[in-house]
Amino acid sequence: MRIEWMNTEELSGASAVTSNEPPSGASMSGMSRRAFIKTVGVAGGGLALGLFMPGVSRTALAQAAKPSFPPQAFLHIAPDNTVTVTINRLEFGQGVQTSLPMLIAEELDADWALVRSELAPAADVYKDPIFGIQMTGGSGSIARSYNQFREIGARARAMLVTAAAQQWQVKPEQCKTEKSMVIGPGGKKASYGSLADAAMALPLPDKVTFKNPKQYRIVGKPTPRLDARAKSSGKQAFGIDKSLPGMKVAVVARPPVFGAKVAKFDASKALAVGGVIAVLEVPTDRGGSGVAVIGDGYWPAKQGRDALQIEWNTAAVEKVDSAMQLAAFKALASQPGTVAKDADMNALAAAPKKIVAEYEFPYLAHAPMEPLNCTVDLKDDGCAVWTGTQFQTIDQAAIARTAGLKPEQVSLNTMMAGGGFGRRAVPTSDFVVEAVNVAKAWRASGKSGPVKVMWSREDDIHGGYYRPSHVHRAEIGFDEAGKVLAWNHTIVGQSILAGTPFEPMMVKNGVDSTMVEGMGEPYQVPMKLSVHNAHANVPVLWWRSVGSTHTAYVMETLIDELAHASDIDPIEYRKQLMGKDNPRHVAVLDLAVEKSGYGKKQLPAGHAWGVAVHKSFDTAVAYIVEASVDKGVPKLHRVTGAIHCNRAINPMSIEAQAQGALLMGLGTTLPGAAITLKDGVVQQQNFSEYTVARMPDMPVVDIHIVPSQDAPTGMGEPGLPPLAPAFANAIAKLTGKRLRKLPFDLKTA
Amino acid sequence: MVTLNINGRDMQVEADPSTPILWALRDNLNMTGTKFGCGAALCGACTVHLNGQPIRSCITPISSAAGQKITTIEAMEADKVGKAVQDAWVKHDVPQCGYCQSGQVMSATALLRTNKSPSDADIDAAMSGNICRCGTYQRIRAAIKDAAKTLA
């Protein structure tokens, strides 16, 4: 049976869905689609990668939320009862290939042991029901598909029940469902698999009822990943494992400076390498050019590239120097910029106490474990592409544009991805466009057949699309009681969104929402916030938790410093400053205090507590950490985390996401966690120079979830932001040093 | 042409002798369970066993492995220790993106062959060469200890 996901308007119409869910949640119950969009828009302040920040017009939202829905399938029930759920998101570690099927299976009353899952290719039907493009990001896969997937399950269940009732000549109301079986009066039983064909012939029901959450058997239960076995045995195929008959492998020599061009090159030595078939000049990102070496496999192609002799023309492009950039950013930071948030700063000059602080954050590479790759099979009348992408719709259009085809001539197959952290959600589709250009050059050279473009780790580290570097400057006036009188704050950095299709929606009055997200909130402080959008010839991108990677650090270390300067317990101080309107922040702080033993438990000598709380993607996370400093080296021993992500769909996955995100946050504090440039050239090559967290860095982590009945919020990213500030706050307690620079450097602090 | 003994079978590889084992496995033999992560022995994604010892296949040329025993992730299911490690991985729901896990399983299996009851420090030492960007280290630690118990 295939359940077609028809027009959302129809399915989510005013009376289409009734629900037993308590009214506290953003339930779909009796809610019109317009109201639903509105609710999500309001509740989803930071829900997306900032895609829908406060201030986004409702018109824009409504327009974006109107995808067309040609018939397509999310659910297939085979005669052998196997339930296959097709998910319209990229699976790259965050666990949606398990938790989205859980939503369908719950409402379907499927036997979880029979549920499988697969990734959807690019197609209109798979567009995000809220955003109108097929994408994965903003920690929103569960939040934005919560109703859609439950509805698909509920409708399929209703059709199976109707099919059984017709077969048995009873009323549907006389039937119930349990573990992929319809059970009728008098002990009648039929499996979903046996009913699937008959059910498929039925019309979609107008009205379905969501389960009462009290009856949940799957949602809310810690559920191991569907792909755990395949991923523990080498059997899981990723994009890099794609193989096609006759396929060749290409590596590209890209310009040493972003956007530079090949002046001339000598391919003779490359062509002399056994297994190298062709050496071709190709357009590269940002108007540059490079040289593709195409061979029988990665190794010959890579050897061929190493043997290339290329002279580059870098004259026309800006050559960024990190030290000079930092100095320029600092100079800008002391001048007022474009106002993002206003408040009266008159009290600043005469404030009895003051903190003036300047923060520095470097560029960061995502460095997912699977190096980027993209397989392209280009023909006269079509193009098939296989890659792990977070942006199917955008990439599909870019492939069509590059290949000179119509989008419907492009088939884009979503491959399981070995991490991404934002690097696979590229508004310019850089690595996909480049791969299509390689395929074009390959064909233009008289060859045919598929080509897989592979990136080395060095290519990845050098490849740009970094978390932008930033300087923050804060000037805070406060009184003896710790009351903040005026907080003047400036942020300098490159806008992630300027020049992208997202700019009209997410850059308002010159302020990029992803640069300022997380500033101020949830504290009731008079803050004037201004920004400078710096320009630099370095492509930048969202990096797991986006703006909160730096704003949370600045906010939570400064709040801690204010508490310390005012001689108030940092948790108490936070609660005072939050006021009454932030119950989820308070709930996570309280839970983390309770579970960590903060204030009660005696820590070993030389250890100290550190605290931070931050909400991103509508999920509040508090960490209470235990750290020490040994011979100038900070060490994180333990993290007690409390999460408020509303209804916990898969607690096992939530715990994993928190553990992973906080470790990535810890990684940003380690020496070497920085991308720097000199004369426009990235100075780090591989994991030898670009530090990421390793096993010995992993603290003992306990994660606790605040129970909630409300509609779920994000989980892929919110676990990252509060880690580094909590760690820094503990170090400040131990050393008296406020670390204002990432990665940490106690010597210069 | 180089003859490699992989998972107990002799296999002919038509590749330059300087080709790393990783690429012979992946591109010549279509054994893609072993992963490419850094190409410089820095991340451990490509870990295989050479005569039982964990090595980084991305920098080890096939010429140096001729006549020796290469064992890859594909053989772990039929290996007592490897199977225990895999089962523990599933039980503890270790993988996230999963890309590094072949290498993690190979390093963990090698550890448990020589150390029946590894401490946290032993695990740190044996596993620090295997990067996981998703941050599954805590569950890896728990899974290794669990596998050790199963094997005891």
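Every value quoted in this text rests on a predicted model; they were computed, and no experiment measured them.

**Concerning the overall build of chain B**
Argument step 1. What chain B contains, in helices and strands, is five helices and five strands.
Argument step 2. When the elements of chain B are put in sequence order from the N terminus, they spell out β-β-α-β-β-β-α-α-α-α.
Argument step 3. Rg of the C-alpha trace for chain B: 15 Å, near the compact-globule value of 15 Å for 152 residues, within the 12% margin.
Argument step 4. Counted over contacts in chain B with a minimum sequence separation of 6, partners at least 24 positions apart contribute 58%.
Argument step 5. Carbon and sulfur atoms form 51% of the exposed surface of chain B, whose accessible area is close to 5300 Å².

**A look at empty space enclosed by the protein**
Residue and element names in this part refer to chain A.
Argument step 1. Overall, the coordinates contain eight cavities of 30 Å³ or more when judged by the stated rule.
Argument step 2. There is about 490 Å³ of room inside the largest cavity.
Argument step 3. Secondary-structure elements contributing two or more residues to the lining of the largest cavity are α4 (96–108), α5 (141–168) and α19 (651–667).
Argument step 4. Looking at the lining of the largest cavity, its residues break down into 14 nonpolar, 18 polar and three charged.
Argument step 5. Looking at the second largest cavity, its volume works out to about 110 Å³.
Argument step 6. Lining the second largest cavity are 15 residues, and of these Thr-549, Gly-665, Thr-668, Ala-724 and Leu-742 lie nearest its centre.
Argument step 7. For the lining of the second largest cavity, the elements supplying multiple residues, two or more each, are α16 (548–565) and α20 (723–735).
Argument step 8. When grouped by side-chain class, the residues that make up the lining of the second largest cavity number 11 nonpolar, three polar and one charged.

**Here's the deal with the interface of chain B and chain A**
A common way to report how large an interface is uses the accessible area buried once the components associate.
Argument step 1. Residue-level contacts link 48 residues of chain B with 56 residues of chain A.
Argument step 2. Of the roughly 4400 Å² buried where chain B meets chain A, counting both sides, 57% is carbon and sulfur surface.
Argument step 3. Contact with chain A buries surface across chain B, with B:Gln96, B:Arg133 and B:Gln138 losing the most and accounting together for 18% of the total.
Argument step 4. Seen at the junction of chain B and chain A, the total is five salt bridges.
Argument step 5. One salt bridge in this structure joins A:Arg229 and B:Asp87, with 2.8 Å as the shortest N-O distance.
Argument step 6. Within the residue set of the side of chain B that touches chain A, elements represented by two or more residues are α1 (21–28), α2 (80–91), α3 (101–114), α4 (120–127) and α5 (137–151) of chain B.

**Some details on the confidence of the model for chain A**
Argument step 1. For chain A, the mean per-residue pLDDT works out to 90, and 90% of the residues sit at or above 70.
Argument step 2. Ignoring residues within four places in sequence, the model shows residues 1–72 of chain A, a span with pLDDT below 50, making 177 contacts including any to other chains.

**Describing the side chain of A:Ser628**
Residues and elements named next belong to chain A.
Argument step 1. Position of Ser-628 relative to the elements: it lies in strand β27 (residues 619–630).
Argument step 2. Side-chain polar atoms of Ser-628 contact the side chain of His-637, separated by 2.7 Å.
Argument step 3. If sequence neighbours within four positions are ignored, Ser-628 has contacts with Gly-606, His-607, Val-633, Pro-634, Lys-635, His-637 and Leu-734.

**Notes on the confidence of the model for chain B**
Argument step 1. Looking at chain B as a whole, the pLDDT averages 97, with 100% of positions reaching at least 70.
Argument step 2. Taken over the whole predicted complex, pTM reads 0.92, whereas the ipTM for its chain interfaces reads 0.98.

**Re helix α11 (residues 392–403) of chain A**
Residues and elements named next belong to chain A.
Argument step 1. Relative to the 16 Å expected for 12 residues at 1.5 Å per residue, α11 spans 16 Å between its end C-alpha atoms, a close match to the ideal helical length.
Argument step 2. The buried count for α11 comes to 10 of 12 residues, which makes it a mostly enclosed element.
Argument step 3. Taken as a whole, α11 has its buried residues at Gln-392, Thr-393, Ile-394, Asp-395, Gln-396, Ala-398, Ile-399, Ala-400, Thr-402 and Ala-403.

**Section: the sheet that holds strand β17 (residues 373–379) of chain A**
Residue and element names in this part refer to chain A.
Argument step 1. Ordered in space as β12-β13-β10-β20-β17-β18-β19, the seven strands form an open sheet in which the pairing is mixed. Every interior strand has two partners, whereas the edge strands, β12 (276–284) and β19 (410–414), have only one. Strand-to-strand twist across the sheet, computed as the mean angle between neighbouring axes with direction ignored, equals 25°.
Argument step 2. As defined by bridge partners, strand β10 (residues 248–253) adjoins strand β20 (residues 451–454) across three bridges and the pair is classed as parallel. Within the sheet, the bridge partner assigned to Val-249 lies in β20 and is Lys-452.
Argument step 3. Against the sheet, helix α9 (residues 298–307) engages β10, β12, β13 (288–295) and β20, with an angle of about 25° to β10.
Argument step 4. Helix-sheet contacts for α11 involve β17, β18 (382–387) and β19, and the interaxial angle to β19 is about 140°.

**Here's the deal with the pairing of β17(A)**
Residues and elements named next belong to chain A.
Argument step 1. Across the seven residues of β17, six count as buried, placing the element largely inside the fold.
Argument step 2. In this structure, β17 lies alongside β20, joined through four bridges in antiparallel fashion. Bridge pairing links Asn-373 to Met-454 in β20.
Argument step 3. Bridge count for β17 against β18 is five bridges, and the pairing is antiparallel. By the bridge assignment for β18, Asp-377 is matched with Ala-384.
Argument step 4. Linkage of β17 to β18, two consecutive antiparallel strands, is achieved through a turn of two residues.

**Brief notes about the packing of aromatic side chains**
Argument step 1. Per the stated rule, a full pass over the model turns up 17 aromatic pairs over all chains.
Argument step 2. When the centroid spacing of 5.0 Å and the interplanar angle of 45° are considered together, the rings of A:Tyr298 and B:Phe36 count as tilted. Taken as a pair, A:Tyr298 in helix α9 and B:Phe36 in the loop between α1 and β3 (47–50) lie in two separate chains rather than in one. Pair check on accessibility: A:Tyr298 and B:Phe36 agree, each one buried.
Argument step 3. Their ring planes at 55° and their centres at 6.0 Å tell us that A:Tyr363 and A:Tyr466 sit as a pair that is tilted. Here the residue A:Tyr363 occupies a position in the loop between β16 (353–361) and β17, and A:Tyr466 occupies one in the loop between α13 (457–462) and β21 (470–478), the gap between them amounting to 103 residues.
Argument step 4. Note on A:Tyr466: relative accessible area 1%, which makes it buried.
Argument step 5. Joined through ring pairs, the aromatic side chains of A:Tyr359, A:Phe361, A:Tyr553, A:Phe727 and A:Phe744 make up one cluster.

**Quick look at the packing of α2(B) against α5(B)**
Residue and element names in this part refer to chain B.
Argument step 1. Contact geometry for α2 and α5: axes closest at 8 Å, N-to-C directions at 135°. If you check the angle between α2 and α5, you find them oblique. Seen from above, α2 lies across α5 with right-handed handedness. Residues Lys-80, Val-81, Ala-84, Val-85, Ala-88, Trp-89 and Lys-91 of α2 form the contact with α5, whose own contacting residues are Ile-140, Ala-143, Ile-144, Asp-146, Ala-147 and Leu-151.
Argument step 2. Class assignment of the residues belonging to the contact of α2 with α5 gives a composition of 10 nonpolar, no polar and three charged.

**Some remarks on the nonpolar core**
Argument step 1. A:Leu108, A:Trp487 and A:Tyr623 are the most contacted members of the largest nonpolar core, which totals 257 residues.
Argument step 2. Here the element with the most residues in this core is α5(A); it accounts for 12 residues.
Argument step 3. Setting aside anything within four residues of it in sequence, one finds A:Trp487 in contact with A:Met345, A:Ala474, A:Glu475, A:Ile476, A:Val525, A:Pro526, A:Met527, A:Lys528, A:Met555, A:Leu558, A:Ile559 and A:Leu562.
Argument step 4. One finds B:Ile21, B:Leu25, B:Leu50 and B:Ala65 within the second-largest nonpolar core, a separate group that totals 16 residues.

**Looking at the pattern of salt bridges**
Argument step 1. Taken as a whole and assessed by the stated rule, the structure comprises 47 salt bridges over all chains.
Argument step 2. A salt bridge links B:Lys91 to B:Asp146, with the nearest nitrogen and oxygen atoms 2.6 Å apart. Of this pair, B:Lys91 sits in helix α2 while B:Asp146 sits in helix α5; the two residues are 55 residues apart in sequence, bridging distant segments of the chain.
Argument step 3. Here B:Asp146 falls in the buried class, since its relative accessible area comes to 14%.
Argument step 4. One network of salt bridges, with partners in common, ties together A:Glu106, A:Asp109, A:Arg157, A:Lys211 and A:Arg217.

**With respect to the sheet that holds strand β26 (residues 607–616) of chain A**
Note: strands within a sheet are paired through backbone hydrogen bonds, in either parallel or antiparallel orientation.
Residue and element names in this part refer to chain A.
Argument step 1. One open sheet holds the four strands; their spatial order is β26-β27-β28-β31, and the pairing between them is mixed. The open sheet terminates on both sides in strands that have one partner only, identified here as β26 and β31 (700–705). Each neighbouring strand pair of the sheet contributes to a mean axis angle of 20°, computed without reference to strand direction.
Argument step 2. By the bridge criterion, 10 bridges tie β26 to β27 in an arrangement that is antiparallel. If you follow His-607 over to β27, its bridge partner there is Ser-628.
Argument step 3. Where α20 meets the sheet, it contacts β26, β27 and β28 (633–644), and its direction lies at approximately 150° from that of β26.

Reading the values: rules and limits
Residues numbered from 1 in each chain as written. Chains lettered and ligands numbered in written order. Predicted model: local features only at pLDDT ≥ 70, side-chain atom pairs only at ≥ 80, totals over all residues. Heavy atoms only, no water. Helix = DSSP H or I, 4+ residues; strand = E, 2+ residues; numbered from the N terminus. Rg over C-alpha atoms; globule rule 2.2 N^0.38 Å. Contact = heavy atoms within 4.5 Å. Areas by Shrake-Rupley, 256 points an atom, 1.4 Å probe, with all protein chains shown as cover. 1 Å grid on protein atoms, 1.4 Å probe; cavity = no way out; pocket = protein on both sides within 12 Å on 5 of 7 lines; lining within 4 Å. Points joined across faces, edges and corners; volume = space filled by probe spheres on them. Nonpolar A, V, L, I, M, F, W, Y, C, P; charged D, E, K, R; others polar. Buried area = accessible area lost by both parts, 1.4 Å probe. Salt bridge = Lys/Arg side-chain N within 4 Å of Asp/Glu carboxyl O. pLDDT = per-residue confidence, 0-100. Polar contact = N/O pair within 3.5 Å; in protein donor to acceptor, adjacent residues only side chain to side chain. Expected span 1.5 Å × (residues − 1). Buried < 20%, exposed > 50% of the residue type's maximum accessible area, 1.4 Å probe, protein only. Pairing = 2+ DSSP bridges. Axes fitted to C-alpha atoms, helices over the stretch in contact; angles between N-to-C directions. Phe/Tyr/Trp six-rings, centres within 6.5 Å; stacked < 30°, edge-to-face > 60°. Parallel < 35°, antiparallel > 145°, perpendicular 65-115°, else oblique. Left-handed = near helix turned anticlockwise from the far one by under 90°. Core = buried A, V, L, I, M, F, W, Y, C linked by side-chain atoms within 4.5 Å.

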